[in-house]
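Descriptive structure summary
Here's the letter readout for the chains.
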Amino acid sequence: MFKLFRSDSVSGYSFVVPSVSVGNVAQLAVDLLIETLKLSKVGLLWHPALIPVAGPPAYAHDQDKMTTTAELFASDEHKLLVLQLRAPLVGSLTADFLTSLSDFVESQKLGDVFILSSSFAHENQQIGSRFKYVATEAFLSKQQEALTQLKWPQLEGSVIHGGGFAMKLQQLLVARNQSGLVLFSYVSEGDNTTDAVNLVSLLDQIREPVLLPRDDEQKIKIAVPSSWKHLFGNSAPVNVY
């Protein structure tokens with residue numbers, strides 16, 4: 001499933017996985033993480049569930065000449081692996097893909113798995129909270145104090161409407177006693193770049209040590225990838241008016 005460009009151990013590394021969901025917020029958040037930390041591309045994914053996609057480089061620092069459906073990025077400094085997905089999964093093959101992904105977590109002895117996702121804004125029944133989380137017991141055993149201090153709201157139930165495969169992967173992690181956290185925002189379709197900034201900022205709060213750089217006032221500094229210039233396509237041609 002994985003074609004890795006390196007043989008170095010990634011044991012104990014955190015693993016960030018975006019679930020293709022409402023507004024593509026998780027994928028946009030991963031874009032920000034990769035560009036801000038200048039993560040190195042260390043692998044590709046091959047699986048029948050992945051719809052083929054090919055295009056020019058998505059990040060200015062990426063030396064590769066092509067972007068594909070599923071790519072793996074890493075930072076040895078931050079002990080971090082990040083998966084980027086650029087297309088939804090084929091429905092009937094999703095279960096096998098997620099099982100293979102969970103196998104990878106287990107075989108590589110990875111640490112915490114952070115699953116980013118989003119849900120429809122109208123599903124939010126809690127006023128004043130635009131995000132929630134779901135944690136495995138293995139994650140809570142290590143991070144219960146941090147979550148208590150953050151006072152984040154927890155999802156009641158087991159469904160994230162519009163959240164893609166997030167909860168299915170979480171259930172696989174639970175079954176294997178792997179450490180995982182689903183972190184998702186309630187959003188509406190449209191320009192979701194601000195939602196992505198908020199989501200990656202939340203990830204930074206729970207990850208220890210923190211990932212994102214700060215300025216002199218300790219505010220998070222985030223870099224936007226060059227590919228975001230094309231988020232909404234070209235302007236409508238003048239001759240249609």
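Computed from a prediction, not measured in an experiment: that's the story for all the values here.

Description of the packing of aromatic side chains
Evaluation of the coordinates by the stated rule reveals seven aromatic pairs. Ring geometry for Phe114 and Phe139: centres 5.9 Å apart, planes at 85°, overall edge-to-face. Placement of the pair is Phe114 in strand 8 (residues 113-120) and Phe139 in helix 3 (residues 137-150), with a sequence separation of 25 residues. On the basis of relative accessibility, which here comes to 0%, the residue Phe139 falls in the buried class.

So, the side chain of Ser201
In this fold, Ser201 is placed in helix 5 (residues 193-206). Residue contacts for Ser201: discarding those within four places in its chain leaves Ile220 and Ile222.

Some points on the side chain of Gln170
By secondary structure assignment, the location of Gln170 is in helix 4 (residues 166-175). Taking the relative accessible area as the measure of exposure, Gln170 reaches 2% and is therefore buried. Not counting chain neighbours up to four residues away, the residues in contact with Gln170 comprise Ile115, Val134, Ala135, Thr136, Gly180, Leu181 and Val182.

Scoring rules and cut-offs
By convention here, each chain's residues receive numbers from 1 onward along its written sequence. Per-residue local features are limited, in this predicted model, to residues with pLDDT of at least 70; the limit for side-chain atom pairs, both in listing and counting, is 80 or more; totals at the level of whole chains, interfaces and linings are taken over all residues. Remark: hydrogens and water are excluded; side-chain values derive from all non-hydrogen atoms of the structure. Centres within 6.5 Å make a pair out of two Phe, Tyr or Trp rings, where for Trp the six-membered ring is used; the pair is then stacked when the planes are under 30 degrees apart, edge-to-face when over 60, and tilted otherwise. The numbering of helices and of strands both runs from the N terminus, where a helix is a DSSP run of H or I of at least 4 residues and a strand a run of E of at least 2. Note on classification: 1.4 Å probe, protein chains only; a residue is buried when its accessible area is under 20% of the maximum for its type, exposed when over 50%, partly exposed between these limits. Two residues qualify as a contact provided that any one of their heavy atoms is within 4.5 Å of a heavy atom in the partner residue.

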